[in-house]
Each structure stands twice: as C-alpha cells, then as structure tokens.
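Observations on the three-dimensional arrangement
In case you want the letters, here they are:
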Amino acid sequence: MPMNLTDLASIGSLLSGAAVLGSLIYLGLQVRQTEKNQQALVQQGRAQRVGNAVFNLAGEEISALYHKGARRPETLTGPELDRFLMICRAAFLSAEDSYIQHEAGLMNATAYASFVAGVHANLSSPGFRAAWSLLSPYFGAGFVAFMNTHIAERPLPVAPPDPLERWKAVVSGLYAGASAPTTTNN
C-alpha cells in the first residue's frame, strides 16, 4: 500500500517532534553545565578574593593591627581604629558578596558552610562585633539580618580564644601522639 500525502505529513510531524524533544534535552544539559561552570567561577573568585585578603593580612603591620583590633579593641588609638574599621568593612563586603551569591543560588552547600564558619570565627572577636555594630547600616537588609541572627545565636566568649595557645596545644598533641622518629646512619 503506497503512502499518501497525509501519511508523509504525519511521519514528518513525528520526526519534527522528536527533533524538538532532542533539542530541548540538549538545551537542558547545556543550561545545567552552564550553571555548574558559573558556580565554579563564583567559587574561584571567592577563593581568590579571600586568599588575597588573608595574604594581605599576613603582612607584619596589618597583622599586628588586626590582632590588636580583633582581640584587644579597647586599646586601639584613633588612627588604628580607622584602619581596623577599613579592614572590617572589606571583610564584611566580602561576606555580603558571599551571602548574595548564596541567596542567588550561585554558591553550593559546601562553600556556604565554609563561609558561615568564617563568619562565626570573626564574630567570636569583640573587635569584629563592635565594628559590625558601627558598620552594619552600610549593608543590605538581608545581610544585616543574617549577621545579626548569627551574632544572637553565638554569645561572645568570656575571653576571646587565644590562637597561639590553641596552636601550642595542637602541636604538643601531635608530638605526644607520634612515635619518636627513627634515624638511620648511612
């Protein structure tokens, strides 16, 4: 039985539908890959931004000011306070950017958990909390609520943790748990 024009039109319509379906599947895969690439770029930018900030804070003068402002804020002079507030503002701007990226769905759960852990570490410092109370009016309402919630959930320690004492305890524990190194005479 020969095919008539209606049969050919039906086959053409079926093939056209299959092609559209294939195109939609391909487009969906491309969109998914683009989202992953975008998240990777956001994470790379975040890592670079935070890494650069930490590296800059490692400089002797800035490190001393950071230490003093974070752990002994009451001892800052006027010019030191101005510089410490600039350091804090930069840290808060970086944190706000990470918060906004997470809210936009551009930051995965692992990166977000890392960001929140960093926020908690900074908020254990009386200097950072004082800086936040002065600088918070310069940030968006959502980020302010986020920070204020984390401050309320984490009471300030009676004494700020001393990183040097923690470091010594960790290093001491490493040596205590390790067997004596063996040497060979060659």
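Notes on the structure follow.

1. Here's the deal with the layout of surface pockets
For the largest pocket, the calculated volume is near 680 Å³. Around the largest pocket, the lining is made up of 25 residues, and of these V50, A53, V54, A91 and N122 lie nearest the centre. Contributions of two or more residues to the lining of the largest pocket are made by α1 (5-57), α2 (60-71), α3 (78-103) and α4 (109-123). For the lining of the largest pocket, the element with the highest residue contribution is α3, accounting for eight residues. Split by residue class, the lining of the largest pocket holds 17 nonpolar, six polar and two charged.

2. Description of the packing of α2 against helix α5 (residues 126-135)
Two elements in contact, α2 and α5, have axes whose closest approach is 5 Å; the angle formed by their N-to-C orientations is 80 degrees. Taken together, α2 and α5 sit at an angle that is classed as roughly perpendicular. Mapping the contact onto sequence places Y66, G69, A70 and R71 in α2 and P126, G127 and F128 in α5. For the contact of α2 with α5, the per-class residue count stands at four nonpolar, two polar and one charged.

3. Concerning the packing of α4 against helix α6 (residues 141-153)
At their nearest, the axes of α4 and α6 sit 10 Å apart, and the two run at 60 degrees to each other. Compared by their axis directions, α4 and α6 come out oblique. Seen along the crossing, α4 lies across α6 with a hand that is right-handed. Facing Y112, F115, V116, V119, H120 and L123 of α4, the residues of α6 in contact are F146, M147, H150 and I151. For the contact of α4 with α6, the residue count by class is eight nonpolar, two polar and no charged.

4. A few points about the environment of H102
Within the secondary structure layout, H102 lies in helix α3. When the C-alpha positions of H102 and F115 are compared, they lie 9.8 Å apart, and in sequence the two are 13 residues distant. Those residues in contact with H102 that sit more than four places away from it in its chain are M107 and Y112.

Rules of the game
Residues numbered from 1 in each chain as written. Predicted model: local features only at pLDDT ≥ 70, side-chain atom pairs only at ≥ 80, totals over all residues. Heavy atoms only, no water. 1 Å grid on protein atoms, 1.4 Å probe; cavity = no way out; pocket = protein on both sides within 12 Å on 5 of 7 lines; lining within 4 Å. Points joined across faces, edges and corners; volume = space filled by probe spheres on them. Helix = DSSP H or I, 4+ residues; strand = E, 2+ residues; numbered from the N terminus. Nonpolar A, V, L, I, M, F, W, Y, C, P; charged D, E, K, R; others polar. Axes fitted to C-alpha atoms, helices over the stretch in contact; angles between N-to-C directions. Parallel < 35°, antiparallel > 145°, perpendicular 65-115°, else oblique. Contact = heavy atoms within 4.5 Å. Left-handed = near helix turned anticlockwise from the far one by under 90°.

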